[in-house]
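# Structural overview
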Amino acid sequence: MSAPGYPTEPYSAPQPAGYPVPHYGYPPAGGHSFPPHDAHHAAPPPGFLPYPSASPGSLPPHPISPAGHYGGPVVHVPPPGAHPGHHEEDPGIVQAPLMGNTSGSPGLEYLAQIDQVLIHQKVEIVEALFSFETKNKYVVKNSLGQKIYSAKEKSDCCTRNCCGSLRYFNMKLMDNTDREVIHLVRPFKCVSCWFPCCLQELEVQSPPGNTIGYIKQTWHPCLPKFSVQNVERETVLRIVGPCFACNCCGDINFEVKPRDESRSIGRISKQWSGVVKEVLTDADNFGVQFPMDLDVKVKACLLGACFLIDFMFFERGKSRKQRGGVWQ
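Attention here is on the structure that accompanies the text. Small disclaimer: the values here were computed from a predicted structure and weren't measured.

This next bit is on the pairing of strand β11 (residues 266-271). Two faces, one strand: in a regular strand the side chains alternate between the faces of the sheet. With 5 bridges connecting them, strand β10 (residues 252-257) and β11 associate as antiparallel partners. Each residue of the ladder has a partner; that of Asn253, found in β11, is Ser269. Note: β11 against strand β12 (residues 285-289), 5 bridges, orientation antiparallel. Across the sheet, residue Lys270 finds its bridge partner in β12, namely Phe286.

Before going further, it helps to spend a moment on helix α4 (residues 296-314). With 19 residues, α4 extends 26 Å from end C-alpha to end C-alpha; this agrees with the ideal 27 Å at 1.5 Å per step. With 18 of 19 residues buried, α4 is to be regarded as a mostly interior element.

So, about the packing of aromatic side chains. Enumeration over the complete set of coordinates arrives at 5 aromatic pairs. Seen from their ring centres, Tyr138 and Phe307 are 4.8 Å apart, and the 70° between their planes marks the pair as edge-to-face. Here Tyr138, found in strand β2 (residues 137-141), pairs with Phe307, found in helix α4; they are 169 residues apart in sequence, far enough to count as distant. Overall, the relative accessible area of 1% leaves Tyr138 in the buried class. With relative accessibility at 1%, the residue Phe307 sits in the buried group. Measuring from centroid to centroid gives 5.8 Å for Phe286 and Phe314, while their planes differ by 65°, and the two rings are edge-to-face. Of this pair, Phe286 sits in strand β12 while Phe314 sits in helix α4, placing them 28 residues apart in sequence. Given a relative accessible area of 1%, Phe286 falls into the buried group.

Rules used throughout
- Residues numbered from 1 in each chain as written.
- Predicted model: local features only at pLDDT ≥ 70, side-chain atom pairs only at ≥ 80, totals over all residues.
- Heavy atoms only, no water.
- Pairing = 2+ DSSP bridges.
- Helix = DSSP H or I, 4+ residues; strand = E, 2+ residues; numbered from the N terminus.
- Expected span 1.5 Å × (residues − 1).
- Buried < 20%, exposed > 50% of the residue type's maximum accessible area, 1.4 Å probe, protein only.
- Phe/Tyr/Trp six-rings, centres within 6.5 Å; stacked < 30°, edge-to-face > 60°.

Below is the structure:
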């Protein structure tokens, strides 16, 4: 008895000798009948699709290399004579862009693909209500608003509330896999425009423990100036800010320039966040712009310079006052 819903074959009567039993259904196009039934050939199990045997006319257009270890992708070998720069693209696969030279800088690969980042400081409710200084936390995003890194200050409670914006700190920048890729170290130093020995400094490490550069304040009686230095303490870029580090309802720009300060090649901008946020909190928004082909180590140093500038001029501390310039 057949299964419910499936008709039985109508050829139940015996056929003349020498003729195979025809299969149920329509014959193929062209009038040819089905091949003879082979009683020795076992039918495949239900759901099994047999792979057709290879024939000279059914070979793929180019050979496919065998898969490697478990999970490895199958690599398509281009046919002979094909242009080496031409690749067949699968519309369902997103091709990653080529990255610049990031040798010796694991974790900084993404910086080679961008020319600007946005840094948002998180609002601390306890700090806003009770003027109790807490650890600063930041989110670093790309121009599309996608999170790249998260940064968190590491300091003790006594230092934050007694030393204010002059406090020393360690800051960790973690990627989206919770791996520390950049480590910032700021030592404690006094602030005075009349004493060149009281200049701020920041050390940049990537990976942690491996110094890749420094941000060092350059003495000037009126302007905030900084030198971006490599690991050999050689100046590669300079940062020049305005005489008054304050601007109501507008951005405050610190220009990134070459060593001779002949032109501007980038910018660190403290962006206006709105009246409510500017008055009630010291959570700031920054934008950092740099050339696309800049060394990723120098880009990481510019990120560190942004955090140093934030602490020097826009961190209010317990007194709820911030510096208007280096002359204060």
